[in-house]
Amino acid sequence: MEVELLTQREALARERVDIASIFAEHHVGLVRLALLMVGDQASAEDVVQEAFARTHAGRARMRDADKALAYVRSAVLNGCRSVLRRRATVFRRAVPYEPPVWSAESAVLLGEERREVLRALRELPRRQREALTLRYYFDLSDQEIADTMSVGVSTVRSTIARGLAALARALGEDA
Amino acid sequence: MSSPVEDRLREALAEAGASLDESALRPLRAPERRRFQVDFRLLAAAGVVVVAGATVAVGLGGPGNEDRAVVASPPSPPTEMAVFLCTPASPGPSCQGRAITPSQTKALEIRLKGLPQVETVAFIDQATAYEGFRKTFAHNRKLLDEVKIADLPPSFRLKTRPGADPVQLDKSLRGVAGIQNIADLGAAAKWEPSSTADISVFLCNKDSAVPECGAEHETRDNGDQWITKEGKETTMAQRKAIRAKIDEMPEVKSYVFEDRKTVYENFRSEYADNERLLAATKVADMPEVFRIELKEESAEGDVVKELRRQPGVGRVVYSPCLFDLALAGRFGVFLEDDKVCTGDK
């Protein structure tokens with residue numbers, strides 16, 4: 001967390017690409033990312049809006065367009081983590097929260113087979129879940145995922161491998 | 001060479017991602033700018049009717065986020081708008097202390113001329129702006145002393161076509177490099193004193209953002225101000241002490257105390273036609289206020305200073321100056337009210 005904050009500030013000090021425009025351009029994609037993380041559209045939109053509000057307040061600019069996108073994605077991921085953390089504390093003693101996308105009510109939207117996969121994905125540790133989503137939904141490269149998650153490239157590779165293996169176990173398949 | 005698990009994962013994610021209802025997607029909203037601390041609704045409550053485009057909708061005391069939407073005039077007859085350009089003296093985060101470059105100016109002019117809502121575009125340089133400023137504020141020495149020619153931003157004046165929505169126009173230009181702010185000049189500032197009070201003493205609300213109420217602000221690296229600690233509501237004892245203080249002031253001719261409800265009712269009747277503004281304002285947003293009328297020949301300076309020192313007092317506003325303050329916004333100049341309003345005239 002500390003490290004992330006530092007790199008963000010460092011990034012803000014640079015110039016060029018307007019972060020706000022990145023948000024506007026990738027709005028739908030970012031909401032999708034958040035949706036896959038938190039499971040419902042309303043929370044997903046809130047996460048993106050909040051991340052946007054934060055960076056836009058600074059009229060942040062960045063030198064490198066690729067880095068800026070990674071920065072924006074990681075801001076959204078961060079917001080998703082907060083949402084999930086909040087839910088975990090609020091619902092710790094109550095019934096487990098069932099987000100709509102993979103819940104029973106959304107059976108109309110997604111087949112049982114899909115929901116099984118998503119449920120298994122949701123059970124994975126946070127890093128594996130994020131890395132798998134960035135890879136298998138957004139088709140990001142190891143390097144892009146590393147930038148987004150602020151971890152090393154090799155960590156990304158091993159995280160994805162471990163995530164896939166765990167997923168396969170959960171789904172009763174060979175990896 | 002992808003495994004069955006990878007395929008299943010890919011498909012499940014694709015389907016879940018596709019379940020996003022794009023048509024229901026709420027657009028991103030720019031955060032309100034809390035930098036300028038003149039509270040529009042406070043202006044209104046003090047009896048100045050200012051209908052002046054989205055830019056006068058400035059950061060407000062309460063924690064809500066709706067404040068920014070407030071002063072939105074409906075799509076309307078042709079109006080004149082001013083696009084103020086960045087100078088090194090520009091306030092707020094939009095310019096970051098840098099003047100607009102010649103190439104940015106050129107690009108902006110082309111862009112403005114290309115807007116379908118815009119009829120004509122004219123450039124007003126600093127000298128012309130300053131001349132107008134001096135004429136407008138000939139009665140206010142202090143203000144003229146405070147504002148130098150370098151403080152006045154140059155601007156593009158736009159005449160819009162009939163039916164153009166100033167708010168829409170403002171939105172479409174938001175974030176464009178080199179723009180300090182945009183003001184709707186057509187919706188003229190009117191001076192309609194709804195109360196005869198010379199001085200309004202606003203008390204503190206719960207969670208107030210006003211520093212006098214104990215709120216603390218932090219200036220971020222980018223020059224933006226954020227509230228780190230919210231202020232406290234005026235206590236009964238403080239209110240009593242303020243009343244006693246006013247009672248013993250020789251300059252005061254008469255005064256009344258208005259509670260939130262009264263202030264809100266006045267506000268409502270004044271803005272009956274502005275739904276957005278009313279929807280964003282609750283009774284609890286309104287501060288309690290002492291309205292003071294001074295004796296003729298009494299100077300307001302000492303009274304204002306004395307009252308500002310009282311604990312529990314949020315803002316003390318001398319009405320005639322407040323209007324000047326709002327008017328200065330029409331020149332792209334934003335000032336703290338005590339720079340213009342205290343002391344002798």
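The rules we used
Residues numbered from 1 in each chain as written. Chains lettered and ligands numbered in written order. Predicted model: local features only at pLDDT ≥ 70, side-chain atom pairs only at ≥ 80, totals over all residues. Helix = DSSP H or I, 4+ residues; strand = E, 2+ residues; numbered from the N terminus. Buried ≥ 20, exposed ≤ 12 C-beta atoms within 10 Å, placed from the backbone. Contact = placed C-beta atoms within 7 Å. Pairing = 2+ DSSP bridges. Axes fitted to C-alpha atoms, helices over the stretch in contact; angles between N-to-C directions. Parallel < 35°, antiparallel > 145°, perpendicular 65-115°, else oblique. Left-handed = near helix turned anticlockwise from the far one by under 90°. Nonpolar A, V, L, I, M, F, W, Y, C, P; charged D, E, K, R; others polar. pLDDT = per-residue confidence, 0-100. Core = buried A, V, L, I, M, F, W, Y, C linked by C-beta atoms within 7 Å. Domains from an automatic or database assignment.

**Quick word on the overall build of chain B**
Across its full length, chain B holds twelve helices and twelve strands. Counting the 345 residues in chain B, one finds 39% classified as buried. Look at the contacts in chain B between residues 6 or more apart in sequence, and 74% of them connect residues 24 or more apart.

**What to know about the overall build of chain A**
Regarding its fold elements, chain A presents nine helices and two strands. Secondary structure elements of chain A occur, N-terminal to C-terminal, as α-β-α-α-α-β-α-α-α-α-α. Here chain A holds 175 residues, and the buried ones make up 41% of them. Relative to all contacts within chain A whose residues are 6 or more apart in sequence, the contacts with residues 24 or more apart total 69%.

**Some details on the environment of L173 of chain B**
Considering the arrangement of structural elements, one finds L173 of chain B in helix α6 (residues 166-173). Sequence separation of L173 of chain B and R111 of chain B is 62 residues, and the distance between their C-alpha atoms is 9.5 Å.

**Some points on the sheet that holds strand β12 (residues 313-318) of chain B**
Residues and elements named next belong to chain B. Reading across from one edge, β10-β11-β7-β12 is the order of the four strands in this open sheet, with antiparallel pairing throughout. Two strands lie at the open edges of the sheet, namely β10 (252-258) and β12, each paired on one side alone. Pairs of neighbouring strands in the sheet enclose a mean axial angle of 15°, with direction left out of account. Relative to strand β11 (residues 289-294), helix α7 (residues 236-247) is tilted by about 5°, and along the sheet it contacts β7 (199-203), β10, β11 and β12.

**Observations regarding the packing of helix α6 (residues 112-123) of chain A against helix α9 (residues 153-171) of chain A**
Residue and element names in this part refer to chain A. Where α6 meets α9, the closest approach of the two axes is 10 Å, and the angle between their N-to-C directions is 130°. With respect to α9, the axis of α6 lies oblique. Where α6 crosses over α9, the handedness of that crossing is right-handed. For the pair α6 and α9, the contacting residues are E116, V117, A120, L121 and E123 in the first and L167, A170 and L171 in the second. Among the residues making up the contact of α6 with α9, the classes are represented as six nonpolar, no polar and two charged.

**A word on the confidence of the model for chain B**
Residues and elements named next belong to chain B. The predicted model of chain B has a mean per-residue pLDDT of 73, with 72% of residues at 70 or higher. Model confidence for chain B, summarised as mean pLDDT per element, is weakest for strand β1 (residues 49-50) at 40 and strongest for strand β3 (residues 118-124) at 90. In the predicted structure, residues 32-38 sits below a pLDDT of 50 and forms 25 contacts with residues beyond four places in sequence or in another chain. Our summary of model confidence lists the complex with pTM equal to 0.45 and ipTM equal to 0.78.

**Examining the confidence of the model for chain A**
Here chain A averages 78 in pLDDT, while 71% of its residues score no lower than 70. The low-confidence segment residues 1-15 of chain A (pLDDT under 50) makes 15 contacts with residues lying over four places distant or belonging to another chain.

**Observations concerning the packing of helix α3 (residues 27-38) of chain A against helix α1 (residues 4-18) of chain B**
When two helices pack together, their arrangement is given by the angle between their axes and by how far apart the axes lie. Contact geometry for α3 of chain A and α1 of chain B: axes closest at 9 Å, N-to-C directions at 115°. Looking at the two axes, α3 of chain A sits roughly perpendicular to α1 of chain B. Every pair of crossing elements has a handedness; the one defined by α3 of chain A and α1 of chain B is right-handed. Each of R32, L35 and L36 of chain A in α3 of chain A lies in contact with α1 of chain B, whose residues at this interface are L13, A16 and G17 of chain B.

**Remarks on the pairing of β7 of chain B**
All names here are of chain B. Counting buried positions along β7 gives five out of five residues, so the element sits mostly inside the fold. Neither face of β7 is open: one carries I199, V201 and L203, the other S200 and F202, and all of them are buried. Looking at chain direction, β7 and β11 are connected through four bridges and run antiparallel. Across the sheet, the residue bridging to S200 is R291, located in β11.

**A few points about the sheet that holds strand β4 (residues 155-160) of chain B**
Residue and element names in this part refer to chain B. Spatially, the four strands line up as an open sheet ordered β3-β4-β2-β5, and their pairing is antiparallel. Both edges of this open sheet fall to β3 and β5 (179-184), since each of them pairs with a single strand only. Across the sheet, the mean angle from the axis of one strand to that of its neighbour is 20°, orientation sign disregarded. Against the sheet, helix α3 (residues 102-114) touches β2 (80-85), β3 and β4, its axis set at about 155° to β3.

**Here we look at the nonpolar core**
With 49 residues, the main nonpolar core has A34, V47, V48, V72 and V76 of chain A together with L9 of chain B as its most contacted residues. Counting residues domain by domain, this core receives three or more from each of domain 1 (1-97) and domain 2 (111-170) of chain A. Among residues more than four places away in sequence, those in contact with A34 of chain A are A44, V47, V48, V76 and C80 of chain A. In terms of nonpolar packing, the next biggest core, distinct from the first, is built from 37 residues, I124, L152, V289 and V316 of chain B among them.

**Some remarks on the environment of Y264 of chain B**
Residue and element names in this part refer to chain B. Secondary-structure assignment places Y264 in helix α8 (residues 260-270). Residue Y264 is classed as partly exposed on the basis of its C-beta count, with 19 C-beta atoms lying within 10 Å. As a C-alpha pair, Y264 and K282 span 18 residues in sequence and 7.8 Å in three-dimensional space. When sequence neighbours within four positions are dropped, the list of residues in contact with Y264 reads V283 and M286.

**Description of the pairing of β4 of chain B**
Within a regular beta strand, the side chains point alternately toward one face of the sheet and then the other, so they alternate between its two faces. All names here are of chain B. Sheet analysis places β2 next to β4, joined by five bridges and oriented antiparallel. Bridged to M81 within β4 is L158. Bridge analysis of β3 against β4 gives six bridges, and the strand direction is antiparallel. Bridged to V121 within β4 is L158.

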